[in-house]
Amino acid sequence: MSKGIQAIRGMNDYLPAELTYWHYIEATLRRLTAQYNYHEIRTPVLESTALFNRSIGETTDIVSKEMYTFDDRNGDSLTLRPEGTASVVRAGLQHGLIYNQTQKLWYLGPIFRHERPQKGRYRQFYQFGLEAYGYAGPDIDAEIVMFIARLWRELGLEDHLHLQINMLGSQAERAVYREKLVDYFSAHQDQLDEDSQRRLHKNPLRILDTKNPEMKALVSEAPSIFDCLGDESIAHFEAYKAYLDRAGIKYTVNHCLVRGLDYYSHIVFEWVTDHLGAQGTVAAGGRYDVLIEQLGGKPTPAVGFAMGIERLVLLLAEIKGECPLDESPDIYFVLMGQAAENAGFQLAEQLRDDCPNLKLQLNFGGGNFKNQLKRADKSGARFAVILGDDEVENEQVTIKSLREDKPQERIAAHTLSQFGW
Ligand code: HAM
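Residues numbered from 1 in each chain as written. Predicted model: local features only at pLDDT ≥ 70, side-chain atom pairs only at ≥ 80, totals over all residues. Heavy atoms only, no water.

*Asks:* Can you lay out the sheet that holds strand S14 (residues 383-387) for me, pointing to particular residues and giving the numbers?
*Replies:* For sheets, the rule is that strands pair by backbone hydrogen bonds, running either parallel or antiparallel. The five strands are arranged S13-S12-S14-S15-S16 in an open sheet whose pairing can be described as mixed. A strand with exactly one partner marks an edge of an open sheet, and here the two such strands are strand S13 (360-362) and strand S16 (409-412). Each strand of the sheet is rotated relative to its neighbour by a mean of 25 degrees, with strand direction disregarded. Note that strand S12 (residues 331-335) and S13 share three bridges and pair parallel. Counterpart to Ile331 in the pairing with S13 is Leu360. Across the sheet, helix H12 (residues 338-354) lies against S12, S13, S14 and strand S15 (396-401), angled at about 160 degrees from S12, the strand it touches most. Sitting on the sheet, helix H13 (residues 369-379) is in contact with S12, S14 and S15, with an inclination near 170 degrees to S12. (Pairing = 2+ DSSP bridges. Helix = DSSP H or I, 4+ residues; strand = E, 2+ residues; numbered from the N terminus. Axes fitted to C-alpha atoms, helices over the stretch in contact; angles between N-to-C directions. Contact = heavy atoms within 4.5 Å.)

Structure (C-alpha cells):
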C-alpha cells in the first residue's frame, strides 16, 4: 500500500500526547512574561528576503545556506523567517513602537532553517523569544538572564543548564579585533580546516566557534577580544557579571562564544545542556545595538534572546519523564439508555456552568455498561459519573472513582457541582 503524502523532512507534526509538555511550557512562559511585564507581538512567517540578508548577515550560515527563499507570483523575493529578531525590529519600526520609547516584547512561533535534520535540529521549529528596546543595559541584560534562570527553576531544570557569556564589544572594537584575528589565522593558514579557510576573510570570528577538535589548540592561542575592548565595554561586562553574581546565577566566561548571527554587539550568551548531544544550546541571545539603525531606524539599544521549544521539550522529557500537566478529562459520563443520555447532556452543561475548570467527556454512540466503563478508563478520567434509568427517575447520579479503590457513591444530581472533584 502506498504511504500517501508525508510531511516534509525536518518538519514535524505534534500530536496531542506530546503537546501536553508544550502547553505546560507555554503556560509557564505566559505567567513569566506577565510577571516581568513583557508584551506579546505576532509577526508573519513570510518577510522580504532583504530583511534577513541585511540583519543576520550575508556571510552567515543562516543566510548563505539555510533560508527557504522563493519568488512569489509577483516576482518578489520572500523568505520564511529563519529567526524572530529581525521581524520584530521590522514590525517595531513599521508601527512606530521603537523611536523615543522603551518596549519589552515576547513572541512564540515557527521558524524555518534548511539544516540537516537530526535530534534537536529541525527545518521547522518553534522559538520563544524576548526583545527589549530603548534600554542600554546592563540592568535589562541581567533581567533577561534572570527571566531564563527563573524558567529553568520553575521547570526543575536548573541543574541541567549552564550559562556561558562573552563580551563582543562595539562594532568599532570588533573591527580592530577582526583584523588581529585575520593576521593571527593567516599566519597559521596551514592549520585551518576548509570551513575556517572560507571564513578567514569573510567572517573570521566564526573560526573561534569551530567544532573541529583539531583546530582547538590553534583557537585557544588566538588573540582575545578583551585585548581590544575599551573602558565602556569592560565596565558594561563587569556590571553585568555583578548582577548575575548578586542573583546567584552561575556562568562561565567563554571568549570563543561568538554566535552565528552578525547583528550582535557587547553581551552575548548561551544556555547549554550536556543532555542533547551536539544540539545542546537551548537558549541564546545578546545585545544588538546597531541593528535598528541598520534597518532604517534611529540608533536604539536592543537586547534579546530566543529558545528552541523542541529542545526544551526533549530536555524536560529526559529529565522529568512524565509531564506534570495532566490533560485527561476529570469526569467521563456513562449514559445507559435514551433518558440517561438526555439527562446527562443537561447535567454536563450545568456542571460546565458551575465548575468552569472541570474537564468533562460524555459517552457518545451508546454501548453497553462494560464498554462505556472501558472507554471511561481509557480516557484517563478520574471519575465516571453513571446515569441509568434508575438514577434518572430518582434525579440522582452514581459516582465511581476510576483511579482509587473506593466504594461507589450515589448523590442527588443537583449536588454534582459540590462533589470533591
Ligand atoms: P539562535 O541561536 O540562532 O538565535 O537560535 C536560538 C535557539 O533556537 C537555539 O538556541 C536553539 O534552541 C533553537 N534552534 C536554532 N536552530 C534550531 C533548529 N534547526 N532546530 C531546533 N531548534 C533550533 C536566534 O535565532 C536569535 N534571534 C536569538 C536572539 C533574540 N538574539 C537576540 N534576540
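Continuing now.
*Asks:* So what about the site of the ligand? Which residues, and what values?
*Replies:* As a matter of local geometry, the ligand sits amid 27 residues, with Glu83, Thr85, Arg113, Glu115 and Tyr264 nearest to it. One of the side-chain N or O atoms of Arg259 is found 2.9 Å from an oxygen atom in the ligand. Phe305 places a main-chain nitrogen or oxygen 3.3 Å from a nitrogen atom of the ligand. Its free accessible area being 660 Å², the ligand has 96% of it covered by the protein chains. Mapped by element, the contributors of at least two residues to the shell around the ligand are strand S6 (124-133), strand S10 (281-287) and strand S11 (302-308). Among the elements that take part in the shell around the ligand, S10 stands out by supplying six residues, more than any other. Taken together, the residues that form the shell around the ligand break down as twelve nonpolar, eight polar and seven charged. (Near = heavy atom within 4 Å. Polar contact = N/O pair within 3.5 Å; in protein donor to acceptor, adjacent residues only side chain to side chain. Areas by Shrake-Rupley, 256 points an atom, 1.4 Å probe, with all protein chains shown as cover. Nonpolar A, V, L, I, M, F, W, Y, C, P; charged D, E, K, R; others polar.)

*Asks:* Go over the environment of Ser87, please, and point to the residues and values.
*Replies:* With respect to the element layout, Ser87 can be found in helix H4 (residues 85-94). By relative accessible area, Ser87 is classed as buried at 0%. Spatially, the C-alpha atom of Ser87 lies 24 Å from that of Pro138, the residues being 51 residues apart in sequence. Those residues in contact with Ser87 that sit more than four places away from it in its chain are Thr43, Glu47, Leu51, Phe52 and Arg81. (Buried < 20%, exposed > 50% of the residue type's maximum accessible area, 1.4 Å probe, protein only.)

*Asks:* Explain the packing of helix H5 (residues 139-155) against helix H9 (residues 231-246) residue by residue, including any values.
*Replies:* Interaxial distance between H5 and H9 falls to 9 Å at its minimum, and their mutual angle equals 35 degrees. Handedness of the H5/H9 crossing: right-handed. From H5, Asp139, Asp141, Ala142, Val145 and Met146 reach across to H9, where they touch His236, Tyr240, Tyr243 and Leu244. Of the residues contributing to the contact of H5 with H9, the split by class is six nonpolar, one polar and two charged. (Left-handed = near helix turned anticlockwise from the far one by under 90°.)

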